[in-house]
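Observations on the model geometry
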Amino acid sequence: MKRGPVLLAALLLTGVAAGTATAEPRGLDWRPCEPENPVECATITVPVDYAHPSAGTIGVAVARTRATGKREGTLVFMPGGPGDSGVNRLLGRNIVPPAVSERFDVVSYDPRGTNRSNPVECDADLVANLPNVIPEAGARLADIQSYARELGDSCREHTGPLLDHVDNVSVAHDIDALRAALGERQVTLYGRSYGTLAGQMYAENFPHRVRGMVLDSVFDHGLTRKQFLTTQVMAGEDAFTEFAKWCASDETCALHGQDVSQVYRDLYDKAVRGELPMPALPLTQLTLDHFYGPDWADLAVRLKQLSEGATTTRAAEETTPFPIAAFCTDHRFRFSSQDEWLSLWRKQNAVAPTMRTHFAWAAVSLCSAWPSDVPNPQHRTDTDDAPPILIMNSLHDPATGYAWAKDVNRQLDDSVLLTYDGWGHGVMARTDCTRAVFTNYVLHKEMPRPGTHCAAAPPTVE
């Protein structure tokens, strides 16, 4: 017998209970989120479907920290994921430099369909048993698509029509509803990772409401299916190459003196054969997760443990698959046959001979039969009427690769790309240089010169 519904975002990333919508979008009812915490929380009521606003509403949870000094405006933080919680981010720590939080209220939200904002709910047994997506391990496209349809149907049964409207154009409309509720004519926006797609959609749909915008570790929504898969796996391969270089030069690396790429390839092959305590895709996820910091030293220890026959590692237990519903409403991916699917698989392998694949492969495969509308399919972003946008990206980002940043820079007129010549996912807080560029842009609308770089800080190795 199947278990009851669960929150899709909760099992696929992180999640908490849904909030209750307030009755009126203007004049938000701000209250303390937690005892003895200065962060305030509220809920704004928005349409499920902005094209048919009378067809129902949901509540979107929002949070705010007030400016500590003379207030100049509001900065909206757009969380990544998909599935991250902007409310939790504000509750956890300051997300902008002190000079910015002195002059700006910082506001964020839980994107619709996640966390406190009417999370997508699906059948628990189905979510707990995601299918094999690795062809060498016996995966078949037909089985993956059958699973995707069954899971999606269960999500619709437990969630309703919201399932068709968790795309980032809808999120952009939610952001503008929040702007209006705050009484602001314009807002400054700061997005990270998948939150940069919400930012691009906001600048495309509400350009005159943008005072300024920072896109940190930027998502490229203008790619074909092949371009998306190959450029993302190339980013992961590049991050692995940097890890291997460090391990070869640093005697503290647990795999120092070994061919690190061959160690990984051997582990991957064992995972495909079922000889590791985790399948191949979780091994890929474990490895990529360590490149976000990066935390090369811990990754070397984990890979060494696995190569020596360890039965489990903590990271394997913490690994989570890629979220589905929001990603699928932002992307139209279709495969006509098993052969076409395998052809793309081989193209990934060819450009990434060590990593072989990326966790995005699972999302693309599942989305190819996801039973919902695709209201925001891939397209080149048009922000002609928006002010100049600041893009920040690591040279060796494992998820939103540098090729994406350069491409988005070409798409957005008058944008400037700041390159952090280092590693990891997320740039703004890396160094004094990256913080200064961000602060000067937000406070004074000062853009760095095109081609500006910030030097890399050595990765922290404990």
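Residues numbered from 1 in each chain as written. Predicted model: local features only at pLDDT ≥ 70, side-chain atom pairs only at ≥ 80, totals over all residues. Heavy atoms only, no water.

Brief notes about the pattern of salt bridges
Put simply, the test is: A side-chain nitrogen of Lys or Arg and a carboxyl oxygen of Asp or Glu constitute a salt bridge if their distance falls within 4 Å. Using a 1.4 Å probe on the protein chains alone, a residue whose accessible area is under 20% of its type maximum counts as buried, one over 50% counts as exposed, and one in between counts as partly exposed. For the purposes of this entry, the term helix denotes a DSSP run of H or I that reaches at least four residues, the term strand denotes a run of E that reaches at least two, and both are numbered from the N terminus.
Counting across every chain of the model gives 21 salt bridges. Notably, a salt bridge pairs R116 with D110, separated by 3.2 Å at the nearest N-O pair. We classify D110 as buried; its relative accessible area is 0%. With its nearest N and O atoms 3.3 Å apart, the salt bridge here joins E242 to K245. Residue E242 and its partner K245 are both found in helix 8 (residues 225-249); the two are separated by three residues, about one turn of the helix.

With respect to the packing of aromatic side chains
Selection criterion: Under the pairing criterion, centres of Phe, Tyr and Trp rings, with the six-membered ring standing for Trp, must be within 6.5 Å; the plane angle then separates stacked pairs below 30 degrees from edge-to-face pairs above 60, leaving the rest tilted.
Here the structure, examined in full by the defined rule, presents 21 aromatic pairs. With 6.0 Å between their ring centres and 50° between their planes, F243 and F291 make a pair best called tilted. Residue F243 is located in helix 8, and its partner F291 is located in helix 10 (residues 280-291); the two are separated by 48 residues in the primary sequence. With respect to burial, F243 and F291 carry one shared label: buried. What links up through ring pairs into an aromatic cluster is the set F240, F243, W246, Y264, Y268, F291, W296 and W423.

Quick look at the confidence of the model for the protein
A low pLDDT score tells you not to read the predicted coordinates there in detail. Our working definition: As a per-residue measure, pLDDT tells how confident the predictor is, with possible values from 0 to 100. Contact criterion: two residues are considered in contact whenever any of their non-hydrogen atoms come within 4.5 Å of each other.
Across the protein, pLDDT averages 91, with 91% of residues at or above 70. Under a pLDDT of 50 for its full length, residues 9-25 has, in the predicted model, 47 contacts with residues more than four places off or in other chains. With pLDDT under 50 throughout, residues 314-322 is counted as low confidence; its partners more than four residues away or in other chains account for 22 contacts.

With respect to the environment of G401
Checked against the element boundaries, G401 lands in the loop between strand 10 (390-396) and helix 16 (402-411). According to the relative accessible area criterion, G401 is buried, its value standing at 6%. Note: C-alpha distance between G401 and R356 (45 residues apart in sequence) is 16 Å. Beyond its immediate chain neighbours, meaning those up to four positions away, G401 contacts A235 and N393.

Describing the packing of helix 9 (residues 260-272) against helix 10
As a reminder of what qualifies: The axes are straight lines fitted to the C-alpha atoms, using for helices just the contacting stretch, and the angles between their N-to-C directions are given from 0 to 180°.
Here helix 9 crosses helix 10 at 145°, and the two axes come no closer than 8 Å. Here Y264, L267, Y268, A271 and V272 of helix 9 come into contact with helix 10, specifically with A280, L283, T284 and T287.

Side note on unusual backbone geometry
Following G81, the chain continues into P82 via a peptide bond in cis, with omega recorded as 5°. On the secondary structure map, P82 appears in the loop between strand 5 (73-78) and helix 2 (86-92). For the peptide bond that leads from G293 to P294, omega is 0°, which places it in the cis range. Among the structural elements, P294 can be located in the loop between helix 10 and helix 11 (296-307). Backbone geometry places E36, a non-glycine residue, at a positive phi of 60°. One can find E36 in the loop between strand 2 (31-32) and strand 3 (40-47). What makes E36 exposed here is its relative accessible area of 86%. Of note in the backbone geometry, S193 takes a positive phi value of approximately 55° without being a glycine. With respect to the secondary-structure elements, S193 resides in the loop between strand 8 (187-192) and helix 7 (195-205).

Describing the sheet that holds strand 12 (residues 453-454)
The following threshold applies: A pair of strands counts as paired when DSSP detects no fewer than two bridges linking them.
Here 10 strands make up an open sheet; going across it, the order is 2-3-4-6-5-8-9-10-11-12 and the pairing mixed. The open sheet is flanked by strand 2 and strand 12, the only strands paired with a single partner. Sheet analysis places strand 9 (residues 210-216) next to strand 10, joined by three bridges and oriented parallel. Bridging across to strand 10, V214 finds its partner in L390.

So, the nonpolar core
Test applied: Remark: nonpolar core denotes a set of buried residues (Ala, Val, Leu, Ile, Met, Phe, Trp, Tyr, Cys) joined through side-chain atoms within 4.5 Å.
Counting 114 residues, the largest nonpolar core has F228, F243 and L283 as the members making the most contacts within it. For this core, the element with the highest residue contribution is helix 8, accounting for nine residues. Not counting the four nearest positions on each side in its chain, F228 is found in contact with F219, L223, F327, F333, A360, V364 and W404. Among the nonpolar cores identified, the runner-up in size contains 28 residues, and A63, L90, I95 and M428 belong to it.

Quick notes on the environment of P47
Examined against the element boundaries, P47 turns out to sit in strand 3. On the basis of relative accessible area, P47 is assigned to the buried category, the value being 15%. Note: C-alpha distance between P47 and T57 (10 residues apart in sequence) is 4.2 Å. Not counting residues up to four positions away in its chain, the partners in contact with P47 are P53, G56, T57 and R112.

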